Amino acid sequence: MMKQVKIRKSDFHPVLKVFVYLVAIVFTVLTLYPLLWLVISSLKTNTEFQLNLLGLPQNPTLSNYPTAWRLAQFDTLFLNSLFFTTASTLLVIALSLMAGFAFAKLRSKATPFLHGSFIMGILLTLQSIMVPLFLMSVATGLYDTRLGVLIPYVGMGLPIGVYLCTEFIKSIPDSVVESARIDGASYFRIFASIVAPMATPVAVTLAILNVSGVWNEFMLINILVSRDALRTLPVGIHKFSGALASDHGRQFAALTIGLVPMVVFYLFFRKQLTKGVSAGAIKG
Amino acid sequence: MKRVIHWWTEERRAYLLLALPAVAVYWAVMAFPTVFSFILSLTNYNGGPVFNNPNIQFVGFTHYLRMFRDQYFWISLKNNTLIILISVFGQIPLGFLFAYVIHRKLVKFTGFFQTIIYLPCVISTIIVGRLWRSFFSPYGPFTEFMQKFQPGWENELFFDPKLAIVPVLFVILWMYTGTYMIIFLANLQKIDPALIEAARIDGATEWQVLTRIMLPSLSGVIVTASILAISGSLKSFDLLFAMTAGNPARRTSVLALYMYDTAFKHSPKYPLANAISVFMVMLSLLLIVLVKLTEAKFGGRE
């Protein structure tokens, strides 16, 4: 780690220090308190919630959880979220690495144009393609199918994926590819056994970015799917809490269930996630 | 024949096969729909088959004019402007403050604060929206707190057309400050510590280190962050969808929500919806160009 310069006490005004602590503590409270309130409220029955909005439950009960799980069909929601997240992430990584290798190491006059089109895509927003995607999925019969959601998810992950992979593979010395060529390896062989394994760090970054993006994605799947059987967590939770707006205990239980996977994922992959975010932010 | 063999080298074949899958998927679901969206916004399409439909005619910029005459367009634009302002002048300075304080270890428990401040960004926006909706609702903690200070206080936050956007702005500030903190932190770590050490040995104060070394070397990042903030603010949809759904009386609508309502609620008005999305893309590009011009004028350096 880098060595930090010690700050002389006289340098940093105590008032400023108090102010900084204050802001940081306010943010901490604003994050932890609502989450705490959510979990506590999910342990109350509706009757108790109405009498006791903020306090700890007198008779904590877990009974809201099984009911919420069943009513919101969390089995289906989890399986669908897992499917879309895993499938789209694997495909985004594979396609981005392949294209990145082609753009970075193979000579072609098409590269500036094709690579450039992906860079433009980083700036594109979902809104600009939402209605056309909906109409296209209806016209092609992909509406309300898994494939009809998966393909756009992969497409949306590609711009940043191709950008990061191309940059990374460019940093691999040309001599690595050239010497393998002299030894008679085909380009596919070079890609599969040399470049792809070397690109593991960028694949991890990409995986983390894509997992957190797709797991939480709401708008697109909300438009492209109407069947209950294809709903993911955000859609299911939204529908559930809309339908049972006054059933507080169960609603809060459902929100808590939805909250847990991402928070656990974050606590485990905090370093990689923040690294991915700052790498992905080199937009514009 | 010789020429063909020369053209069809192994390298070209490999290039084609490796690049094609990504290009095909990306062009099908991103590039083509973008162009398609613009074309659609100039037509009178209103349902039925989109392709090979003889009834579809070009009507010019009619839908754009209709959009500019719609009061909900202006309400949405105003709310988007507020969100951009809170992002650029709220999230970015706060994010920088946290990044700076954490990087220079001016507070204790830096790891803890960093984890907590970024936490909201990883939670599904739908859950965040639902949670804060309950938090600010008449049965939520916010009402209880207010009534402690002001007995008899009535919570009309989500019914008052003027106030309803305030909780949303607050949540947006709370939610995304962490992203900018992470971005600034990553770039602060790139500054050579020896440079700062040398400055300190030469007697520079903390303030001078901040204004003479750190801010100048971050000017490029600040520009990037502003661009992210602007395009991110124009995209905001999920949070509002879950928190207010644009209500009361569509007073908390934003452009994305306005477009969604136009396209998918009541009778679908696809061309108008596409006119809105084309406007959003143009506005986003315009603002990004403005940010870049400002950068050029004030001589920002990477």
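Cut-offs applied
Numbering of residues starts from 1 in every chain and runs along the sequence as written. Key to labels: chains lettered from A, ligands numbered from 1, both in the order written. Selection of residues for local features in this predicted model requires a pLDDT of at least 70, selection of side-chain atom pairs for listing and counting requires 80 or more, and totals for whole chains, interfaces and linings are taken over all residues. With hydrogens and water excluded, all non-hydrogen atoms of the structure serve as input to the side-chain values. Numbered from the N terminus, helices here are DSSP runs of H or I no shorter than four residues, and strands are runs of E no shorter than two. Computation of the radius of gyration draws on C-alpha atoms alone. For the globule rule, the value is 2.2 Å times the number of residues to the power 0.38. One less than the number of residues in a helix, times 1.5 Å, gives the span that helix is expected to have. What is called the bend at a residue is the angle between a pair of axes, fitted to the seven residues leading up to and ending at it and to the seven starting from it. Each domain's extent is set by a domain assignment, obtained either automatically or from a database. A pair of Phe, Tyr and Trp rings is counted when the ring centres sit within 6.5 Å of each other, with Trp represented by its six-membered ring. The angle between the planes then sorts it: under 30 degrees is stacked, over 60 is edge-to-face, the rest tilted. Each residue is assigned to one of three classes by its accessible area relative to the maximum for its type, calculated with a 1.4 Å probe on protein chains only: buried under 20%, partly exposed between the two thresholds, exposed over 50%. Only Lys NZ and Arg CZ are tested; either one counts as a charge over a ring when it is within 6 Å of the ring centre and within 35 degrees of the ring normal. The term salt bridge refers to a pairing of a side-chain nitrogen on Lys or Arg with a carboxyl oxygen on Asp or Glu at a separation within 4 Å. Take the buried Ala, Val, Leu, Ile, Met, Phe, Trp, Tyr and Cys residues and link them wherever side-chain atoms come within 4.5 Å; each set so joined is a nonpolar core. Contacts are assigned to residue pairs with any non-hydrogen atoms lying within 4.5 Å of each other. Summed over both partners, the accessible area (1.4 Å probe) lost when two parts come together is defined as the buried area. Pairing of N or O atoms within 3.5 Å defines a polar contact, subject to two protein rules: one partner must be a possible hydrogen donor and the other a possible acceptor, and residues neighboring in sequence count only if both atoms are side-chain atoms. Only Asp, Glu, Lys and Arg are considered charged in this grouping, and only Ala, Val, Leu, Ile, Met, Phe, Trp, Tyr, Cys and Pro are considered nonpolar; every other residue, Gly among them, is considered polar. Predictor confidence is given residue by residue as pLDDT, running from a minimum of 0 to a maximum of 100.

Caption draft 1: Spatial organisation of the overall build of chain A. Each helix and strand counted, chain A has 14 helices and 0 strands in total. Shown N-terminal to C-terminal, the secondary structure of chain A runs as helices and strands in the order α-α-α-α-α-α-α-α-α-α-α-α-α-α. Over its C-alpha trace chain A gives a radius of gyration of 24 Å, far above what one expects of a compact globule, namely 19 Å for 284 residues. Reported as C-alpha extents along the three principal axes, the dimensions of chain A are approximately 75 × 70 × 35 Å.

Caption draft 2: Examining helix α2 (residues 10–41) of chain B more closely. Given a rise of 1.5 Å per residue, 32 residues ought to cover 46 Å, and the 44 Å separating the end C-alpha atoms of α2(B) matches this to within 8%. Considering bend angle alone, the principal kink of α2(B) is centred on W27(B) and spans about 50°.

Caption draft 3: Quick look at the domain arrangement of chain A. Domain annotation for chain A reports domain 1 (10–66) and domain 2 (73–243). When each unit is reduced to the centre of its C-alpha atoms, the spacing between domain 1 of chain A and domain 2 of chain A is 37 Å.

Caption draft 4: Molecular detail of the packing of aromatic side chains. All chains considered together, the criterion is met by 49 aromatic pairs over all chains. Aromatic side chains F134(A) and Y270(B) sit 6.2 Å apart centroid to centroid with 40° between the ring planes, which places their arrangement in the tilted category. Highlighted residues: F134(A) in helix α6 (residues 127–139) and Y270(B) in helix α13 (residues 270–297), drawn from two different chains. Neither residue differs from the other here; F134(A) and Y270(B) are each classed as buried. On the basis of an interplanar angle of 70° and a centroid distance of 5.0 Å, the ring pair of W132(B) and W174(B) is categorised as edge-to-face. On the criterion of sequence distance, the pair formed by W132(B) in helix α6 (residues 125–136) and W174(B) in helix α8 (residues 165–188) is long-range, its members being 42 residues apart. Across this residue pair, the class does not change: W132(B) and W174(B) are buried. Directly above the ring of Y187(A) sits R181(A), whose terminal nitrogen or CZ lies 4.0 Å from the centroid.

Caption draft 5: Seen up close, the pattern of salt bridges. In the structure shown here, the tally under the stated rule is 9 salt bridges over all chains. Of the charged contacts, one joins E167(A) and K170(A) as a salt bridge, the two residues approaching to 4.0 Å between their closest N and O atoms. Here the residue E167(A) and the residue K170(A) both occupy positions in helix α7 (residues 146–170), the gap between them amounting to 3 residues, near one helical turn. Taking the shortest distance from any N to any O, the salt bridge between D261(B) and K265(B) comes out at 3.9 Å. Overall, D261(B) belongs to the buried group, its relative accessible area being 12%. The class of K265(B) is partly exposed, set by a relative accessible area of 39%. Shared partners join several salt bridges into a network, and the residues in it are R104(B), R200(B) and E206(B).

Caption draft 6: Structural context of the nonpolar core. Residues F74(A), F101(A), F103(A), Y118(B), F184(B) and L255(B) are the most contacted members of the largest nonpolar core, which totals 197 residues. Mapped onto the domain boundaries, this core takes at least three residues apiece from domain 1 (10–66) and domain 2 (73–243) of chain A. For F74(A), the residues in contact, after removing those within four places along its chain, are A68(A), W69(A), L233(A), I237(A), A254(A), I257(A) and G258(A).

Caption draft 7: View of the interface of chain A and chain B. Contacts between the two partners involve 102 residues from chain A and, on the opposite side, 96 residues from chain B. Summed over both partners, the interface of chain A with chain B buries about 9100 Å², with 76% contributed by carbon and sulfur atoms. Summed over the shared surface of chain A and chain B, the number is 2 salt bridges. In this structure, E11(B) and R107(A) form a salt bridge, with 2.7 Å as the shortest nitrogen-oxygen distance. Where chain A meets chain B, there are 16 residue pairs in polar contact (both at pLDDT 80 or more). Among the elements that line the side of chain A that touches chain B, the one with the most residues is helix α1 (residues 14–42) of chain A, at 17 residues. Of the residues belonging to the side of chain A that touches chain B, the class tally is 69 nonpolar, 23 polar and 10 charged.

Caption draft 8: Quick look at the confidence of the model for chain B. In the predicted model, chain B carries a mean pLDDT of 88, and 96% of its residues have values of at least 70. Put simply, helix α1 (residues 2–7) of chain B is where chain B has its lowest mean pLDDT, 55, and helix α4 (residues 71–103) of chain B is where it has its highest, 94.

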